[in-house]
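# Structural description and commentary
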Amino acid sequence: MTRGAVFMLMFSIISHSVEAQSGKQSFSLPEDSEQIDLWSGTMPDKAGFRGPEIISDKGSVTHISVPRLIVHQPKNPDGTAVLVISGGGYAHIELGKESNPTANWLQSQGVTAFELIYRLPREGWSTANVPFEDAQRAMRLIRSMAGKYGIDPHKIGVLGFSAGGHLAGITATLFNKRFYEPVDAIDSLSARPDFAGLIYPVISMLPPNNKTHSLKNILGLHPTIPQETAFSAEQKVTADTPPTFLAQAQDDPVSPVQNSYLMEAALKKADVPVEMHIFQSGGHGWGLGKTGSEVSEWPQLFKRWAQHNGFWKK
C-alpha cells in the first residue's frame, strides 16, 4: 500500500469516527480520489507532527504530516489548471467549505483543479515557513505533470481563500524566493503562477491589519515591523506578479476589506492587470457563496476574467 493510500485510509477512518460521535453526515472525499505527495523523497523541515490526520465532520483538517495534492481531473481538460488553497488562519484547513467545493466546480468547467493539503506552522515544524515551501513545491509539481494531465504549462493559476489567499498571494509575489533547498529536478521549474485569484484574502500583516490569526500563527505574538513587512503580499508586488483577481465583502469581520484595496493599489502601481469586486455584504468564509447571495457571483466573475485574460478557454 502506498503512503498516499495509507493516509487516505486514516482520513476515512477518522472521518467515520467523527460521524459516529456526532450523529451527523461527515465530510468525506470519494474513495477513489487521486492524491499526490508533494515530497516523494526528502521533505524540508521533517521534524513536524507525526500521526494520523484529524478531520472534522465539516471537513476542517489538522495534524498534517504528508502535504499533498488532491486531483480533480475533468473528462475533457481545457488546458487550464488551478491550485486551490483553503484558509483556516494557518491553524487548520477548511477543505469542506472552500477548496473542495471550488475544485469540484472548476472540474465541472473543464479546469484541472488541485487541492493543496499543506503543513501548518504550529504543528511542530522547525520553521513557520512550511506552508510556503509546500505551495511553491505544489506549483512546480503541477507544472512538471502538465503533459500527464493535458495542462498548458503557461495556464496554471492559484486560487486562495482567507489565509489560503495570503498563501496564494505570497506564492504569486515571492515565487523567486528560495523557501527551501531544491530536492530534485522538479525544483528547477518555475513556481510562478500564471494568474491568481484571492478571495476574502489576508494580504497585509502590517498595522492596522496585523490582528489576524494568520499573522499570529506565522509570526507569533510580537513580530517586528520588518517581519510583518516580509510577509505582507502587497509589499512584494513587482511587474512580474501575475494578473490578479480579488473578491471580498465590505463587511468582512475577519480580514478587513482594506486588504484587497491595498493589494489592488500595489498591483496598479506595478502595472499588473487586476480586477477587484467588493460586495456590499457577505462577511467572511463564504466559499462558493450561498445560492442567490451577492457573493455567489464571484465564480462566474472569476471565470470571465480568466477568459478575458486568455487563461481559460471561452
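Now for a quick tour of the structure. Since we're looking at a predicted model, the values are computed, not measured.

## What about the overall build of the protein?
- If you tally the helices and strands in the protein, you get nine helices and 11 strands.
- Computed over the C-alpha atoms, the radius of gyration of the protein is 18 Å, within 12% of the 20 Å expected from 2.2 N^0.38 for a compact globule of 314 residues.
- With respect to the three principal axes, the spread of C-alpha positions in the protein is 50 × 50 × 45 Å.
- Looking at the protein residue by residue over its 314 residues, the buried ones come to 58%.
- A sequence separation of at least 24 residues applies to 78% of the contacts in the protein between residues at least 6 apart.

## A look at the pairing of strand E8 (residues 156-161)
- Taking burial as the measure, the six residues of E8 include six buried ones, the bulk of the element.
- Where burial is concerned, the two faces of E8 agree: the one with Ile156, Val158 and Gly160 and the one with Gly157, Leu159 and Phe161 are both buried.
- Bridge count between strand E5 (residues 81-85) and E8: five bridges; the pairing is parallel. Bridge pairing in E8 links Leu83 to Val158.
- Both E8 and strand E9 (residues 195-199) contribute to a ladder of five bridges, which runs parallel. Pairing of Gly160 across the sheet is with Leu198, part of E9.
- Regarding topology, helix H5 (residues 163-173) serves as the crossover connection from E8 to the parallel E9, and that connection is right-handed.

## Overview of the sheet that holds strand E6 (residues 93-94)
- Across the sheet, which stays open at both edges, the three strands sit in the order E2-E3-E6 with antiparallel pairing between neighbours. Of all strands in the sheet, those with a lone pairing partner are strand E2 (54-55) and E6, marking the two edges.
- Relative to strand E3 (residues 60-62), E2 runs antiparallel, the two being bridged by two bridges. Paired with Ile54 across the strands is Thr62, a residue of E3.

## Describing the packing of helix H3 (residues 130-144) against H5
- Relative orientation of the contacting elements H3 and H5 amounts to 60°, with a least axis distance of 10 Å. Regarding the angle of H3 to H5, the classification is oblique. Note on packing geometry: the crossing formed by H3 with H5 is right-handed. Side by side, H3 and H5 meet where Pro131, Phe132, Ala135 and Met139 of the first sit next to His166, Leu167, Ile170 and Thr171 of the second.
- Taken together, the residues that form the contact of H3 with H5 break down as six nonpolar, two polar and no charged.

## Some points on the sheet that holds strand E1 (residues 34-37)
- If you walk across this open sheet you meet the eight strands as E1-E4-E7-E5-E8-E9-E10-E11, and the pairing is mixed. Two strands bound the open sheet, and with one partner strand each, they are E1 and strand E11 (274-279). Strand-to-strand, the axes of this sheet are offset by a mean angle of 20°, without reference to chain direction.
- Strand direction decides the pairing type here: strand E4 (residues 68-72) and strand E7 (residues 112-117), joined by five bridges, are antiparallel. Across the sheet, residue Val71 finds its bridge partner in E7, namely Phe114.

## Thoughts on the pattern of salt bridges
- On inspection of all chains with the given rule, the structure shows 10 salt bridges.
- Its salt-bridge partner being Asp187, residue Arg137 comes within 3.1 Å of it at the nearest N-O pair. In this pair, Arg137 sits in helix H3 while Asp187 sits in the loop between H5 and E9, placing the two residues 50 residues apart along the sequence. You'll find Arg137 and Asp187 in the same group, each marked buried.
- One salt bridge in this structure joins Asp194 and Arg192, with 4.0 Å as the shortest N-O distance.
- Asp194 sits in the buried class, given a relative accessible area of 10%.
- Residues joined by salt bridges that share partners form a network here, namely Arg119, Glu133 and Asp134.

The rules behind these values
Residues numbered from 1 in each chain as written. Predicted model: local features only at pLDDT ≥ 70, side-chain atom pairs only at ≥ 80, totals over all residues. Heavy atoms only, no water. Helix = DSSP H or I, 4+ residues; strand = E, 2+ residues; numbered from the N terminus. Rg over C-alpha atoms; globule rule 2.2 N^0.38 Å. Buried < 20%, exposed > 50% of the residue type's maximum accessible area, 1.4 Å probe, protein only. Contact = heavy atoms within 4.5 Å. Pairing = 2+ DSSP bridges. Right-handed = clockwise from strand over helix to strand, strands pointing away. Axes fitted to C-alpha atoms, helices over the stretch in contact; angles between N-to-C directions. Parallel < 35°, antiparallel > 145°, perpendicular 65-115°, else oblique. Left-handed = near helix turned anticlockwise from the far one by under 90°. Nonpolar A, V, L, I, M, F, W, Y, C, P; charged D, E, K, R; others polar. Salt bridge = Lys/Arg side-chain N within 4 Å of Asp/Glu carboxyl O.

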